[in-house]
Amino acid sequence: MDRLAQLKQFIGKEFDQSPSPFMKWLNPIILSVEEGQLEFQYTVRPEWLNPVGNLHGGVTAAIIDDVIGATMFSLNENSFITTINNVIDYFSGAKENDNIVAETKIIKRGKQFVNAQCEIWNADKTRLIARGTSNLFKINN
């Protein structure tokens, strides 16, 4: 079964079959899957908070990097794709037990490089929490 079909099997469920131990720890629920576009939902946990009780920027960055990685998985490429850089803008916060939604899309898919974007929203998508863009490099296996 191709990787895109594997992801689609988990729509509406926790993605507990990820090959990434880190993604398993983040414990997302897959909301939608298309080639090059994913939507995952997360529940903000206490260990994800900064000292003032907001979603920690480092966790936000990690979610962006991880879900963009899953988006690369959806492309069914034969090569491994690794992150070159992440640029993240923070707009708003999230509190413990808030549900947040991470949406990804491919901006440009080249022969060697991919540019992707991830936006993190509150659950009803009325407030943008963060937007990240990543450049990724295809490594031939």
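Residues numbered from 1 in each chain as written. Predicted model: local features only at pLDDT ≥ 70, side-chain atom pairs only at ≥ 80, totals over all residues. Heavy atoms only, no water.

Caption draft 1: The overall build of the protein chain, seen in detail. What the protein chain contains, in helices and strands, is three helices and six strands. Secondary structure elements of the protein chain occur, N-terminal to C-terminal, as α-α-β-β-α-β-β-β-β. The C-alpha atoms of the protein chain give a radius of gyration of 14 Å, which matches the 14 Å a tight globule of 141 residues would have. For the protein chain, the C-alpha atoms occupy an extent of roughly 45 × 30 × 25 Å along the three principal directions. Burial status across the protein chain gives 42% buried among its 141 residues. Across the protein chain, the fraction of contacts at a sequence separation of at least 24, relative to all contacts at a separation of at least 6, is 61%. For the protein chain, the accessible area works out to roughly 7,400 Å², and carbon and sulfur atoms hold 49% of it. Distance from the positive charge centre (14 side chains) to the negative charge centre (16 side chains) of the protein chain: 6 Å. (Helix = DSSP H or I, 4+ residues; strand = E, 2+ residues; numbered from the N terminus. Rg over C-alpha atoms; globule rule 2.2 N^0.38 Å. Buried < 20%, exposed > 50% of the residue type's maximum accessible area, 1.4 Å probe, protein only. Contact = heavy atoms within 4.5 Å. Areas by Shrake-Rupley, 256 points an atom, 1.4 Å probe, with all protein chains shown as cover. Lys, Arg positive; Asp, Glu negative; His and termini not counted. Charge placed at Lys NZ, Arg CZ, Asp CG, Glu CD.)

Caption draft 2: Quick peek at the environment of Thr60. You can see Thr60 is positioned in helix H3 (residues 57-73). On a C-alpha basis, the gap between Thr60 and Trp48 in space is 8.7 Å, while along the polypeptide they are 12 residues apart. If near-sequence neighbours (up to four positions away) are discounted, Thr60 is found in contact with Leu55, Tyr90, Ile120 and Ala130.

Caption draft 3: Region of interest: unusual backbone geometry. With a phi angle near 60 degrees, Asn76 is a residue other than glycine that sits in the positive phi range. Take Asn76: it is sitting in the loop between H3 and strand S3 (80-90). At Lys125, a residue that is not glycine, the phi angle is positive and equals roughly 60 degrees. Assignment of secondary structure puts Lys125 in the loop between strand S5 (113-122) and strand S6 (128-139). Classification of Lys125 by relative accessible area gives partly exposed; the value is 34%.

Caption draft 4: Summary view of the side chain of Ser74. Relative to the assigned elements, Ser74 resides in the loop between H3 and S3. Owing to a relative accessible area of 0%, Ser74 belongs among the buried residues under this scheme. What Ser74 contacts, discounting residues up to four positions off in sequence, is Leu4, Leu7, Glu34, Glu35, Gly36, Gln37 and Leu38.

Caption draft 5: The arrangement of the side chain of Asp66 in detail. Note that Asp66 resides in helix H3. Among buried charged residues, Asp66 stands out as having no salt bridge; its nearest opposite-charge side chain is Arg45, 11 Å away. Setting aside chain neighbours within four positions, we find Asp66 in contact with Ser20, Phe22, Met23 and Leu26. (Salt bridge = Lys/Arg side-chain N within 4 Å of Asp/Glu carboxyl O.)

Caption draft 6: Focus on the layout of surface pockets. Taken as a whole, the largest pocket encloses approximately 460 Å³ of empty space. Lining the largest pocket are 23 residues, and of these Gly69, Ala70, Phe73, Phe80 and Ile81 lie nearest its centre. Mapped onto the lining of the largest pocket, the elements with two or more residues apiece are helix H2 (21-26), H3 and S3. Broken down by element, the residue count for the lining of the largest pocket peaks at seven residues, all from H3. Taken together, the residues of the lining of the largest pocket sort by class into 11 nonpolar, eight polar and four charged. (1 Å grid on protein atoms, 1.4 Å probe; cavity = no way out; pocket = protein on both sides within 12 Å on 5 of 7 lines; lining within 4 Å. Points joined across faces, edges and corners; volume = space filled by probe spheres on them. Nonpolar A, V, L, I, M, F, W, Y, C, P; charged D, E, K, R; others polar.)

Caption draft 7: Examining the packing of aromatic side chains more closely. Across all of its chains, the model carries seven aromatic pairs by this definition. Sitting over the ring of Trp25, Arg45 keeps its end group 4.7 Å from the ring centre. (Phe/Tyr/Trp six-rings, centres within 6.5 Å; stacked < 30°, edge-to-face > 60°. Lys NZ or Arg CZ within 6 Å of the ring centre and 35° of its normal.)

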